[in-house]
Amino acid sequence: MFSFLLTAAALAAQVATAADVFAHFMVQNSYAYTVDQWKADMAVAKHTGIDGFALNWIPPDCQADLSWSVDRIADAFEAAEDMKFKLMHSFDMSYTECNIFWNQTFMADILTKHAGSSATYRWNSNILVSTYGGDQADEYGDEFFQGLKDLMKSGSNSISLAPALTTYSMQAQTDPNGASSDLIENYPSIDGYLNWQAWPLDMDKNITIGPDKALQSSLTKAGKTGPYIMSVSPWQYKDLNDGNPLNAWVAYSDYLFPDRFESITGPDAFQPDIIELLTWNDFAESHYIRDLPDKDDETATDYVVLGDHGNYVWGQDHSGWRRMVRYYINYWKSGKRPTINRDWVVYWYRIHPKDAVCAGGLSTPIRNADFPADAVFAWALLKDYATVSMSVGDNKYWDFDAKAGVPAVGMVPFPSDLSGGVTPEVSIMRGGKMVEINKGPQPINAECEWANFNPVVGIIKPS
Ligand SMILES: *[C@@H]1O[C@H](CO)[C@@H](O)[C@H](O)[C@H]1NC(C)=O
Ligand SMILES: *[C@@H]1O[C@H](CO)[C@@H](O)[C@H](O)[C@H]1NC(C)=O
């Protein structure tokens, strides 16, 4: 009897568990996109194991005319239908400066417009709807959300609502239980939740899974039927360079990416329903995993104008991180360690020491600038046991061992002498022989033109 009950419970849990992976997509960066460009992005995302994009957009009348976003989203649905890819709306409700806000009629219209599409992502047969924010502006809040749900229900297109209410996610970093019970009490309209806080919040500490556990368990206890969405991100650095100290920061992200992925794989892993990668293409916040567009090709269908942000984004390729994503998604979805029959090492580093005084980009001090270690970090995924050896300038042969098919991490600190710029070297040593060697994509320099805490990502991959 006891074992029967367990089985029934396990089955019930399975029905509600999706194990899908979304990547947060900034629609504002899709201005030049064609249907084919959407397909190209979706193909890369699918290869990485990603099932869909969460489309972040701001009210189309906010800022200079953004009415084109509606057309790009229609193109995205067309592409996704062809690619068997999923899309969910993630309404950005954090904008207040333009004094134009989302309204329920417009949101309902756009959700209804795509309700019949095979690309529309559903949760328990309802359209899944997410947000960034909705708790900070007086125009929104629980009643607004309930109104949207009622409107959709009356049109026979019920939604499941899993917003990212950032005040609660921030509070959960230091007070997980308080934040969780406040959330349930203040937002009866929600079905699920996206915990946006994928980075340690202004703390010189590794993030833990505690807040995710508390938030998920309070949803379950409250009988909510929506998904618990956990966010995972490689890094965060943003600099608006506008003289406002609130607008320039870095989050402690040195080991963040492998750390957070490790917490959802393996035997005692935390089990979210959905993982949302932050982000696919938020260049200004330095957590993109998409390839960078060509800076100079104005005719490219992924062309973007980055302004000042470009000073710390152009040249900082992050594509190597997708290899880590692919490994951990595969592991998380299958519940088994993937078999590895090639050698990979992904490594990342900032290109200036944290004390570097730069000519530009320092209109205010960068918050948390002391937190990151001046070091090159590596993550190895090898087919057989080997030693990974890292050198940078005078710091030579910092080694770590990796077993067959089990990721291992290591680091080498920046040397004190960076004169002329030093480029890291990473190699794989097996059976007394060097089997691979790779030079970092950029040198590390003490002199800098622009404050830059956005890392470059190098990769040793099968040749
Ligand atoms: C609702 O929002 C849309 C898109 O921002 C806007 O065009 C429209 O004027 C708004 N409607 C009302 C009644 O505010
Ligand atoms: C974060 O974790 C890594 C190991 O995963 C450790 O080396 C590092 O010291 C930790 N950072 C802090 C600030 O505790």
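Please refer to the structure placed before this passage.
The paragraphs below set out a description of the structure included in this document. (Residues numbered from 1 in each chain as written. Chains lettered and ligands numbered in written order. Predicted model: local features only at pLDDT ≥ 70, side-chain atom pairs only at ≥ 80, totals over all residues. Heavy atoms only, no water.)

Here we come to the state of the cysteines. A complete count under the given rule lists 1 disulfide for this structure. With a sulfur-sulfur separation of 2.0 Å, cysteine 358 is cross-linked through a disulfide to cysteine 448. Given an S-S torsion of about -80°, the disulfide between cysteine 358 and cysteine 448 has left-handed geometry. Here cysteine 448 lies in strand β20 (residues 448-450) and cysteine 358 lies in strand β13 (residues 358-360), a separation of 90 residues in the sequence. Taken as a pair, cysteine 358 and cysteine 448 share a single burial class, namely buried. (Disulfide = S-S within 2.5 Å. Helix = DSSP H or I, 4+ residues; strand = E, 2+ residues; numbered from the N terminus. Buried < 20%, exposed > 50% of the residue type's maximum accessible area, 1.4 Å probe, protein only.)

Glancing now at the site of ligand 1. Residues in close proximity to ligand 1 include Pro60, Asp61, Asn103 and Phe106, which together make up its full environment. Within the side chain of aspartate 61, a nitrogen or oxygen atom sits 2.6 Å from an oxygen atom of ligand 1. Here an oxygen atom of ligand 1 and a side-chain polar atom of asparagine 103 are 2.3 Å apart. Summarising the interface, the protein chains cover 46% of the accessible area of ligand 1, which totals 360 Å² for the free molecule. The residue inventory of the shell around ligand 1, partitioned by class, reads 2 nonpolar, 1 polar and 1 charged. (Near = heavy atom within 4 Å. Polar contact = N/O pair within 3.5 Å; in protein donor to acceptor, adjacent residues only side chain to side chain. Areas by Shrake-Rupley, 256 points an atom, 1.4 Å probe, with all protein chains shown as cover. Nonpolar A, V, L, I, M, F, W, Y, C, P; charged D, E, K, R; others polar.)

All right, on to the nonpolar core then. Met42, Ile50, Phe53 and Leu277 are the most contacted members of the largest nonpolar core, which has 101 residues in total. Residue contributions to this core peak at 8 residues, all from helix α11 (residues 321-334). Aside from chain neighbours lying at most four places away, what touches isoleucine 50 is Val21, Phe22, Ala23, Ala45, Phe85, Leu277, Trp280, Ile289 and Ile329. (Core = buried A, V, L, I, M, F, W, Y, C linked by side-chain atoms within 4.5 Å. Contact = heavy atoms within 4.5 Å.)

Below, the discussion takes up the packing of aromatic side chains. For the coordinates displayed, the defined rule picks out 36 aromatic pairs. Look at phenylalanine 22 and tyrosine 121: their rings are 4.8 Å apart centre to centre, the planes differ by 70°, and that puts the pair in the edge-to-face class. In this pair, phenylalanine 22 is assigned in strand β1 (residues 20-26) and tyrosine 121 in the loop between α4 (104-113) and β4 (122-123), connecting sequence segments 99 residues apart. Tyrosine 121 sits in the buried class, given a relative accessible area of 6%. Between phenylalanine 283 and tyrosine 288, the aromatic rings sit 5.2 Å apart at their centres with planes inclined by 55°, giving tilted as the arrangement. Like tyrosine 288, phenylalanine 283 is buried. What links up through ring pairs into an aromatic cluster is the set Trp235, Tyr255, Phe257, Phe261, Trp321, Tyr327, Tyr328, Tyr331, Trp348, Phe377 and Trp379. Taking the ring centre of tyrosine 31 as reference, the NZ or CZ of arginine 72 above it sits at 5.9 Å. Seen from the ring of tryptophan 344, arginine 323 lies directly overhead, with NZ or CZ sitting 4.3 Å from the centre. (Phe/Tyr/Trp six-rings, centres within 6.5 Å; stacked < 30°, edge-to-face > 60°. Lys NZ or Arg CZ within 6 Å of the ring centre and 35° of its normal.)

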